[in-house]
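Each chain, letter by letter, is given below.
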Amino acid sequence: MAIVDKVREIWCRELQRDDIEVGDDFFALGGQSVIMVRIQGAFIEELGVEVPADQMFLNPTVASISAYIESLETRNPQRAM
C-alpha cells in the first residue's frame, strides 16, 4: 500500500469519515489538536515515522503530509516504513 493510501486510511479512521480525498484540508475537515495528536501517534505506530506538529500545520492535506513522509524516507533510507 502506498504511503498516501495509508495516510488517508489513518485520517479517515481518526476523523471518523470515509469521504476524505487527498487534497482535503485537515482543518476544514474538522481536525483539531486532539485528533492531530492521535494521527501523529498512528504515524509512529503504523508508518514508523514521527511527524512534528509544525509539519502537520505546514502540510494539512493527505497529499502534502504524504510527500513529507516520503521525503523522510529519502533522507534516511534505513527508516522502516
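The structure presented is a predicted model; accordingly, all values stated were derived computationally and were not measured. Every chain begins its residue count from 1, and numbering advances along the sequence as written. Residue-level local features of this predicted model are given only where pLDDT is at least 70; pairs of side-chain atoms are given and counted only at 80 or more, and the full residue set underlies all totals for whole chains, interfaces and linings. Heavy atoms throughout the structure, all of them, feed into the side-chain values; hydrogens and water do not.

### Here we look at the packing of aromatic side chains
Stacked, tilted and edge-to-face pairs are distinguished by plane angle, under 30 degrees for stacked and over 60 for edge-to-face with tilted covering the rest, among Phe, Tyr and Trp rings (Trp via its six-membered ring) whose centres lie within 6.5 Å. This structure, assessed with the given rule, holds 3 aromatic pairs. Seen in terms of ring centroids, Trp-11 and Phe-26 are 5.5 Å apart; in terms of plane orientation they differ by 65°. Their pairing is edge-to-face. Of this pair, Trp-11 sits in helix α1 (residues 3-15) while Phe-26 is found in the loop between α1 and α2 (33-47), placing the two residues 15 residues apart along the sequence. To sort residues, take the accessible area from a 1.4 Å probe on protein chains only and compare it with the maximum for the residue type: under 20% means buried, over 50% means exposed, and anything in between is partly exposed. A relative accessible area of 0% places Trp-11 in the buried class. For the purposes of this entry, the term helix denotes a DSSP run of H or I that reaches at least four residues, the term strand denotes a run of E that reaches at least two, and both are numbered from the N terminus.

### Structural notes on the side chain of Ser-66
Its place among the elements puts Ser-66 in helix α4 (residues 62-75). Residue Ser-66 is classed as buried on the basis of its relative accessible area, which comes to 2%. A distance of 2.6 Å separates the side chain of Ser-66 from the backbone oxygen of Val-62, its partner in a polar contact. In this view, Ser-66 contacts Ile-3, Val-4 and Val-7; residues no more than four positions away in its chain are not counted. Any pair of nitrogen or oxygen atoms within 3.5 Å is treated as a polar contact; in protein, a donor-acceptor pairing is required on top of that, and neighbouring residues in sequence qualify only through side-chain atoms on both sides. In this description, contact between two residues means that some pair of their heavy atoms is separated by no more than 4.5 Å.

### Describing α2
Here α2 spans 20 Å end to end across 15 residues, near enough to the 21 Å set by a 1.5 Å rise per residue. Every buried residue of α2 is accounted for by Ile-35, Met-36, Ile-39, Gln-40, Ala-42, Phe-43 and Leu-47. Projected down its long axis, α2 carries its buried residues within an arc of 160°, all on one side. Along α2, the residues that are exposed and aim more than 90 degrees away from the buried face are Ser-33, Val-37 and Glu-45. Tucked into the core, α2 has its buried residues touching α1, α3 (53-58) and α4. Of the residues that open α2, the one with a side-chain oxygen 2.9 Å from the backbone nitrogen of Val-34 is Gln-32. Looking at the residues trailing α2, positive phi occurs at Gly-48, about 75°. Here a helix's expected span is defined as the number of its residues, less one, multiplied by 1.5 Å. The directions from the helix axis to the C-beta atoms form the arc being described.

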